[in-house]
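Residue strings, one per chain:
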Amino acid sequence: MIKDLNELCTEIEKCRKSLIYFAKTYCRITNGKGNCVPPTITKEFKYFAELDKNTILDMNDIHNKGVTTFMAIKTLHALLFNTKPTKIAAIFQTREFILEFSNVMKTIIHNLPEFLIKWFDFISINRITMLNGNFIMLCIPTIKIEEQNINTLFITNQKPNNLYDELWQTVNAMYLDKKITIFGIGQNLKQTVCPNIPKIQ
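Structure report, in brief. (Residues numbered from 1 in each chain as written. Predicted model: local features only at pLDDT ≥ 70, side-chain atom pairs only at ≥ 80, totals over all residues. Heavy atoms only, no water.)

## A closer look at the packing of aromatic side chains
Then, number 1: Per the stated rule, a full pass over the model turns up four aromatic pairs.
Then, number 2: Aromatic pair tyrosine 21 and tyrosine 26: ring centres 6.5 Å apart, planes at 75°, arrangement edge-to-face.
Then, number 3: The class for tyrosine 26 is buried, based on a relative accessible area of 12%.
Then, number 4: Arranged with centres 5.6 Å apart and planes meeting at 85°, the rings of tyrosine 26 and phenylalanine 115 form a pair that is edge-to-face. In this pair, tyrosine 26 is assigned in helix 2 (residues 19-26) and phenylalanine 115 in helix 6 (residues 114-117), connecting sequence segments 89 residues apart. (Phe/Tyr/Trp six-rings, centres within 6.5 Å; stacked < 30°, edge-to-face > 60°. Buried < 20%, exposed > 50% of the residue type's maximum accessible area, 1.4 Å probe, protein only. Helix = DSSP H or I, 4+ residues; strand = E, 2+ residues; numbered from the N terminus.)

The following block contains the structure:
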């Protein structure tokens, strides 16, 4: 329980400086029994938390490694605590994946304390908007990201598909012009998205 303004400012600064602190202290997800619990802070989670530049994580079995939870928490942390404007597009292969990711984010948001949840302006399946103007939009690959004022892109494992060709060409152009920061997780992304982005295994 936050008792005064000084304690509030201290908590906000702790969260801003440490995604792990924010996750352990204030984030809750639904476990297999339907209970809201803190996320498990795995070694992968700790490793992901340190990444803040263009990165492709070359890994499979992303659901079992808690990547959906990690991406949701990292996204919300950016929306709440980034000092620069944060306009995020999260690209998923299907609308079912969008719904899954959206449900994780909503669970986390609805369990945040009042001093954090009050910054959320609009929440739907496809979009979350903050009072400070930051937003995340959840999309399938047909989105025209160059028309959406995006500066951050989250993408997960994609199967090679002609549908992605135009999107990836746009992503490459924006990346090379330094107009976008990219976080990618999945084995196929190195070949299908931006071959110039560092790949970490």
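## Points about the nonpolar core
Then, number 1: Formed by 42 residues in total, the largest nonpolar core has its most connected members in Phe22, Ile73, Phe101, Ile108, Phe120, Ile128 and Ile136.
Then, number 2: The leading source of residues in this core is helix 4 (residues 67-81), at 10 residues.
Then, number 3: If we skip the residues at most four places from it in the chain, phenylalanine 22 touches Cys15, Cys27, Ile73, His77, Leu80, Phe81, Leu112 and Leu116.
Then, number 4: Core analysis: the second largest hydrophobic core is formed by 17 residues, Ile143, Ile145, Met174 and Tyr175 among them. (Core = buried A, V, L, I, M, F, W, Y, C linked by side-chain atoms within 4.5 Å. Contact = heavy atoms within 4.5 Å.)

## A word on the pattern of salt bridges
Then, number 1: Following the criterion strictly, the structure yields three salt bridges and no others.
Then, number 2: Between glutamate 13 and arginine 16 there is a salt bridge whose closest N-O contact spans 2.5 Å. Of the two residues, glutamate 13 and arginine 16 both sit in helix 1 (residues 5-17), three residues apart, roughly one turn of that helix.
Then, number 3: Look at glutamate 13 and you get partly exposed, because its relative accessible area is 30%.
Then, number 4: Since its relative accessible area comes to 36%, arginine 16 is described here as partly exposed. (Salt bridge = Lys/Arg side-chain N within 4 Å of Asp/Glu carboxyl O.)

## Examining the pairing of strand 4 (residues 87-91)
Then, number 1: Burial of strand 4 is extensive: five of the five residues sit out of reach of the surface.
Then, number 2: On strand 4, burial covers both faces: Lys87, Ala89 and Ile91 on one face and Ile88 and Ala90 on the other are all buried.
Then, number 3: Summarising the sheet, strand 4 and strand 7 (residues 135-139) pair through five bridges and their orientation is parallel. Looking at strand 7, one finds that alanine 89 is bridged to methionine 137. (Pairing = 2+ DSSP bridges.)

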